[in-house]
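Residues per chain are reported as follows:
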Amino acid sequence: MINSLLERKIAKRPGKVRLAGRILFLTEDPHLIKKQLAGWDLPWDTKNPANNPKLRDDISTDEITPAHYCFYFDQTLGEIPYLGLKCGGVLPIGRSDVKKGGFVCSVSGKRRGKGSSREQSPYAEMCAGIQVVIAENIERIYKQNCQNLGLLTSTNFSLIDRVRAGEEIPLSEFTIGEDEITKQVIEYGGLFPFNVARIQKRVFLPPITTKKRPMTLAEKMFARHMVRSSVGTGLRPVEAERSSAASDVGVEAVKPGDTGFTRVDLRFSHEYVTPMASIFYEQNVGKDVPVNDAASIRFFRDHLTFLDEVISEEKKKIGLLDLATQLKLKQAEFAKQQGIKLHGELTDRKGSEGICHSVMLETYALPGQVNVGSDSHTPHVGAIGCIAFGIGTTDVFNSWITKDVRVKVPESVKIIIRGKRHSIVTAKDFILKILSLDYVRSGKALAKVMEYAGEAVEALSVDERATMTNMAAEIGGFTGIVAPDEKVVEFLMERRGMKHDEAEKMIAGLQSDPNAEYAQVIELDAAEITPMVATPGDPGNGKYIRDLNTPVPIEIAYGGTCTAGKNEDMDMYAAVLADALKQGKRVAQGVQFWIQFGSQETREYSKRKGYIEIFEKAGAHVIEPSCGACINAGPGVSTRPDQVVISAQNRNFPGRSGPGQMYLASPLTVAASAVAGYIVEYEPSRERALAKV
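Below, the structure is looked at part by part. These figures come from a predicted structure and were not determined experimentally.

Helices and strands together make up the secondary structure of the chain, namely 29 helices and 24 strands. Taking 693 residues into account, the globule formula puts the C-alpha radius of gyration at 26 Å, and the chain, at 24 Å, falls close to it. With respect to the three principal axes, the spread of C-alpha positions in the chain is 80 × 65 × 50 Å. In the chain, of all internal contacts separated by at least 6 residues, the share reaching a separation of at least 24 is 76%. Only carbon and sulfur atoms are counted for the fraction: they give 50% of the accessible area of the chain, which is about 25,300 Å². Taking the average location of the 87 positive side-chain charges in the chain and that of its 86 negative ones, the two points are 2 Å from each other.

With that settled, the discussion passes to the nonpolar core. Side chains that are nonpolar tend, in soluble globular proteins, to be buried together. Core analysis: the biggest nonpolar cluster contains 79 residues, and Tyr 281, Leu 304, Phe 389, Phe 397 and Trp 400 have the highest contact counts within it. Ranked by the residues each element gives to this core, the list is headed by helix H9 (residues 191-199), at six residues. Residues Phe 306, Leu 432, Leu 460 and Val 645 belong to the second largest nonpolar core, which totals 41 residues.

This part takes up unusual backbone geometry. Apart from glycine, the bulk of residues carry a negative phi angle, and the bulk of peptide bonds sit in the trans form. Even without a glycine there, the phi angle at Ala 447 is positive, about 65°. Look at Ala 447 and you get partly exposed, because its relative accessible area is 28%.

It is the contact of helix H15 (residues 356-364) with helix H22 (residues 486-496), at a shortest axis distance of 9 Å, that shows an interaxial angle of 95°. When the axis of H15 is compared with that of H22, the two are roughly perpendicular. Contacts from Met 360, Leu 361, Glu 362, Thr 363 and Tyr 364 in H15 reach Phe 491, Arg 495 and Arg 496 in H22.

What links the strands of a sheet is backbone hydrogen bonding, and the strands pair in either a parallel or an antiparallel sense. Spatially, five strands are ordered S10-S9-S8-S11-S12 in an open sheet, and the strand pairing comes out parallel. The sheet is open, and its two borders are formed by strand S10 (341-343) and strand S12 (387-390), each paired with just one other strand. Adjacent strand axes in the sheet meet at a mean angle of 20°, parallel and antiparallel pairs treated alike. Two elements, strand S8 (residues 266-270) and strand S9 (residues 297-300), share four bridges in a ladder whose sense is parallel. Looking at the pairing, Phe 268 lines up with Arg 298 of S9. Along the sheet, helix H14 (residues 320-338) contacts S8, S9 and S10; its crossing angle with S9, the most-contacted strand, is approximately 155°.

A few words now on the state of the cysteines. Using the criterion set out here, one finds zero disulfides in the structure. This cysteine, Cys 87, is not joined by any disulfide, and Cys 105 carries the nearest cysteine sulfur, 16 Å off.

A separate point is the packing of aromatic side chains. The description of an aromatic ring pair rests on the distance of the ring centres and on the angle between the ring planes. Evaluation of the coordinates by the stated rule reveals 18 aromatic pairs. A centroid spacing of 6.0 Å and a plane angle of 75° characterise the contact between Tyr 281 and Phe 334, whose relative ring orientation is edge-to-face. One end of the pair, Tyr 281, is in helix H12 (residues 274-284); the other, Phe 334, is in helix H14, and 53 residues separate them in sequence. Look at Tyr 281 and Trp 400: their rings are 6.0 Å apart centre to centre, the planes differ by 70°, and that puts the pair in the edge-to-face class. One end of the pair, Tyr 281, is in helix H12; the other, Trp 400, is in helix H16 (residues 393-402), with 119 residues separating them in the sequence. One Lys or Arg, Lys 35, reaches over the ring of Trp 40 and ends 4.1 Å from the middle of that ring. In this structure, Arg 198 is placed above the aromatic ring of Phe 261, and the distance from its NZ or CZ to the ring centre is 3.6 Å.

A few words now on the side chain of Gln 369. Looking at where Gln 369 falls in the secondary structure, it is placed in the loop between H15 and strand S11 (370-373). A polar contact is formed between the side chain of Gln 369 and the side chain of Asn 371, at a distance of 3.3 Å.

Another point: the pairing of S8. Counting buried residues along S8, five of its five residues qualify, which places the element largely inside the surrounding structure. As defined by bridge partners, S8 adjoins S11 across three bridges and the pair is classed as parallel. Bridged to Phe 268 within S11 is Gly 373.

Now for helix H2 (residues 30-37). Pro 30, Leu 32, Ile 33, Gln 36 and Leu 37 are the residues of H2 that are buried. What you see down the axis of H2 is that its buried residues fit within an arc of 160°, all on one side. Residues of H2 that are buried in the fold lie against strand S2 (22-25), helix H4 (97-100) and strand S3 (103-107). With a side-chain oxygen lying 2.9 Å from the backbone nitrogen of His 31, the N-terminal cap of H2 falls on Asp 29. In the segment just after H2, Gly 39 is the residue with positive phi, at about 120°.

Our next topic: the sheet that holds strand S5 (residues 152-154). Here four strands make up an open sheet; going across it, the order is S2-S3-S4-S5 and the pairing parallel. Of all the strands in the sheet, just S2 and S5 have a single pairing partner and so form its edges. If you compare each strand with its neighbour and ignore which way they point, the axes differ by 25° on average. Across four bridges, the pairing between S2 and S3 is parallel. Bridge pairing in S3 links Leu 24 to Ser 106.

Next up on the list: the pattern of salt bridges. Taken as a whole and assessed by the stated rule, the structure comprises 45 salt bridges. The shortest N-O distance in the salt bridge between Lys 54 and Asp 57 comes to 2.7 Å. Accessibility expressed as a relative area gives 43% for Lys 54, which makes it partly exposed. Linking Arg 301 and Glu 271 is a salt bridge whose minimum nitrogen-to-oxygen distance equals 3.3 Å.

This part is about H16. The buried fraction of H16 amounts to 10 of the 10 residues, a majority that puts the element mostly inside the structure. Within the span of H16, buried status applies to Thr 393, Thr 394, Asp 395, Val 396, Phe 397, Asn 398, Ser 399, Trp 400, Ile 401 and Thr 402. Phi for Lys 403, located one or two positions after H16, is positive at around 60°.

Let us look at the environment of Ser 121. Its location among the elements puts Ser 121 in helix H5 (residues 120-127). Distance in space between the C-alpha atoms of Ser 121 and Lys 211 is 40 Å, their sequence separation being 90 residues. Sequence-distant contacts of Ser 121, that is, excluding residues within four places in its chain, are made with Thr 61, Ile 64 and Thr 65.

In terms of burial, strand S13 (residues 404-408) is largely enclosed, as four of its five residues are buried. Here strand S7 (residues 259-263) pairs with S13 via five bridges, running antiparallel. When the bridges of S13 are listed, Gly 260 appears paired with Val 407.

Attention now goes to the environment of Asp 45. For Asp 45, the position within the fold is in the loop between H2 and helix H3 (61-64). Ignoring any residue separated from it by four or fewer positions in sequence, one finds Asp 45 in contact with Asn 51 and Asn 52. At a separation of 3.0 Å, a polar atom in the side chain of Asp 45 contacts the main-chain amide nitrogen of Lys 47. One polar contact links the side chain of Asp 45 to the main-chain amide nitrogen of Asn 48, over a distance of 3.0 Å.

With that settled, consider the packing of helix H17 (residues 427-435) against helix H20 (residues 462-470). The angle between the axes and the distance between the axes are what describe a pair of packed helices. Direction vectors running N to C along H17 and H20 enclose 20°, while the axes themselves pass 8 Å from each other. On the basis of the axis angle, H17 is roughly parallel to H20. In the crossing of H17 with H20, the sense of the turn from one axis to the other is right-handed. Side by side, H17 and H20 meet where Ala 427, Lys 428, Phe 430, Ile 431 and Ile 434 of the first sit next to Glu 464, Thr 467 and Met 468 of the second. Of the residues in the contact of H17 with H20, the class split is five nonpolar, one polar and two charged.

Rules and cut-offs
- The residue numbers shown here count from 1 along each chain, following its written sequence.
- With the structure being a predicted model, the display of local features is reserved for residues of pLDDT at least 70 and the display and counting of side-chain atom pairs for 80 or more, all residues being used for whole-chain, interface and lining totals.
- Side-chain measures were taken over the full set of non-hydrogen atoms in the model, leaving aside hydrogen atoms and water.
- Each helix is a run of H or I in the DSSP string that is no shorter than four residues. Each strand is a run of E no shorter than two, and both are numbered from the N terminus.
- Computation of the radius of gyration draws on C-alpha atoms alone. For the globule rule, the value is 2.2 Å times the number of residues to the power 0.38.
- The contact rule is simple, with two residues in contact once any of their heavy atoms fall within 4.5 Å.
- Note on areas: these come from Shrake-Rupley sampling with a 1.4 Å probe, and a residue is covered only by the protein chains present in the view.
- The convention is simple: Lys and Arg are positive, Asp and Glu are negative, and His and the chain ends are not counted.
- Taken as the charge location is NZ of Lys, CZ of Arg, CG of Asp or CD of Glu.
- To form a nonpolar core, buried Ala, Val, Leu, Ile, Met, Phe, Trp, Tyr and Cys residues must be joined to one another through side-chain atoms within 4.5 Å.
- Here the term buried applies to any residue with accessible area under 20% of the maximum for its type, exposed to any over 50%, and partly exposed to those in between, with areas from a 1.4 Å probe on protein chains only.
- Orientation is described by lines fitted to C-alpha atoms, with helices fitted over the stretch in contact, and by angles between N-to-C directions that extend from 0 to 180 degrees.
- We call two directions roughly parallel when the angle between them is under 35 degrees, roughly antiparallel when it is over 145, roughly perpendicular when it lies between 65 and 115, and oblique otherwise.
- We treat two strands as partners when DSSP finds at least two bridges between them.
- To count as a disulfide, a pair of cysteine sulfur atoms needs to be within 2.5 Å.
- Side-chain rings of Phe, Tyr and Trp (the six-membered ring for Trp) are treated as a pair once their centres are within 6.5 Å; stacked means planes under 30 degrees apart, edge-to-face means over 60, and tilted covers the remaining angles.
- Charges are assigned to positions over rings by a cutoff of 6 Å between ring centre and Lys NZ or Arg CZ, combined with an angular limit of 35 degrees from the ring normal.
- The term polar contact refers here to a pair of N or O atoms within 3.5 Å; inside protein, the definition further demands a hydrogen-donor-capable atom paired with an acceptor-capable atom, and it admits residues adjacent in sequence only when both atoms are side-chain atoms.
- The directions considered for the arc run from the helix axis to the C-beta atoms.
- Salt bridges are identified by distance alone: a Lys or Arg side-chain nitrogen within 4 Å of an Asp or Glu carboxyl oxygen.
- For any helix crossing, the convention is left-handed if the near helix is rotated counterclockwise from the far helix by under a right angle, and right-handed if that rotation is clockwise.
- Under this grouping Gly is polar, as are all residues other than the nonpolar Ala, Val, Leu, Ile, Met, Phe, Trp, Tyr, Cys and Pro and the charged Asp, Glu, Lys and Arg.

See the structure below:
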């Protein structure tokens, strides 16, 4: 393999770019979008921005490429971009509209590309003819995916006039402010050409020269994992792995902005991403070439196990269900060929072994490690003091070659929740409160590490901490992490069978220095936080339930996914439903309540505790593990725009889980609302009885 890459001809892209084509402005007004698609060019005043129509903010990757269309992993995706984009309550863009329009540039407002790490989104834009994306700010994973593919990005709106005039624009306009490595990735037209040049030792890798300094927890862990020498040694995979000794990894210190490659301990991907990554690998490296250290790679079949139960007849007719099956088969084939562990479908019943994040936390990730995965919720395992972050398809396939990933050391934000929480307040309520803060909603937390601390966080179990680290993805953060403590030691002993001394040794030194520097320190009082919901449209639409003006009747309640399918989440669903049964109550008439396990381990836990019997007796539907409804691919999705859903999942972007109106809430709130028939705080019967005395 290395010999073929050593001999591969590679060149930088031209130093000037001419973009011959039209500009598509993604405005809030759907009529303006439709007029552009029909051939009209929207006037734009770059000197007086206030004169311009309002651009759509918060465009998620779900809206760029709705989940069902991500079954494609070829240039068919060029027919798909923006099919899920909702403006003014309508979907103004149809299939192939962008491709037919001759657009080379796409412009939007704040927080472009939030949500899922799916690389199909920028790839679809590229295949439709888009060569540059302009937005006020751009989410980290989406931006990195663009760079990895060769799609140019900018926050400079003055480029609009130059694109429209057909001017030659220096490539340097798109590398301004970027670190040296990212600059070279852009110049080479993508990550793989850059890595080929890296193997050939034709690129400049700036050494990290930061002297010893007080560091945050994340900075300490990056310092331990930064590669000191290039992987481009010409070695074959086995030899490269042998050369990965401690002498090649680790620096004295890092600071925010330091760039390089971090050696990763574990890499994983699921069936949405593995097939596309494997095709990239086979086309660019070779079908029979072994990946670097297959033993540290995991594959998961966890997203689409129940798709056939909810996919529409219309989508079946255009072959999307068949395409989804091909994703599964391609992943299994590549896993077998490469000797990679695959957590797949169950053989005796419908369902999967587990959701990737759930299994990684329960079985594989360890404190102090660096993990990467093909999903934005990879930070889940930060609950045990692991640096973990989502990467795109191109990063995944390149990591199979190099066993490292490109990193710019991020700033950290410390979120301290002091005091003692109310008994009916959960980690989900904490994170919904954090998501509602102006600092987060304005985009200031983008690409930063969220370090959670304070007495209220320390009192949480590992399962509950995972809810908060998991949803660092919704913040737009680089990752989420909690310093490991005795609760992590207990978790490792209980879940992994580890000895106390071994676990204690593993967490030693994994805490921030007292005088470490943070981009922001946010302090909250746990006593002031009561049960919350995020109203439909965005996880940042946080509101206290007691502040809802009128009762909100529901038709569907859903408890599950990586965020809310853990052992302690099952404790909460069971507590509410057992309490209801004691009062002679069940799930309300007209409400469907779905409870889905995150893993087989959690299913067995629920079985041992007698929870499954409680769930079924109370009228809830119990489902085997899968991502399911969270990605519009399983029971619990809405089917009508007027249908109201309350869900314990992590996202409620438009169209994410069907056309309905989705509220996000904690497991306690979801279960209590399922019993009441409308959104309500959980009030344990014991507390109600005391209140009456």
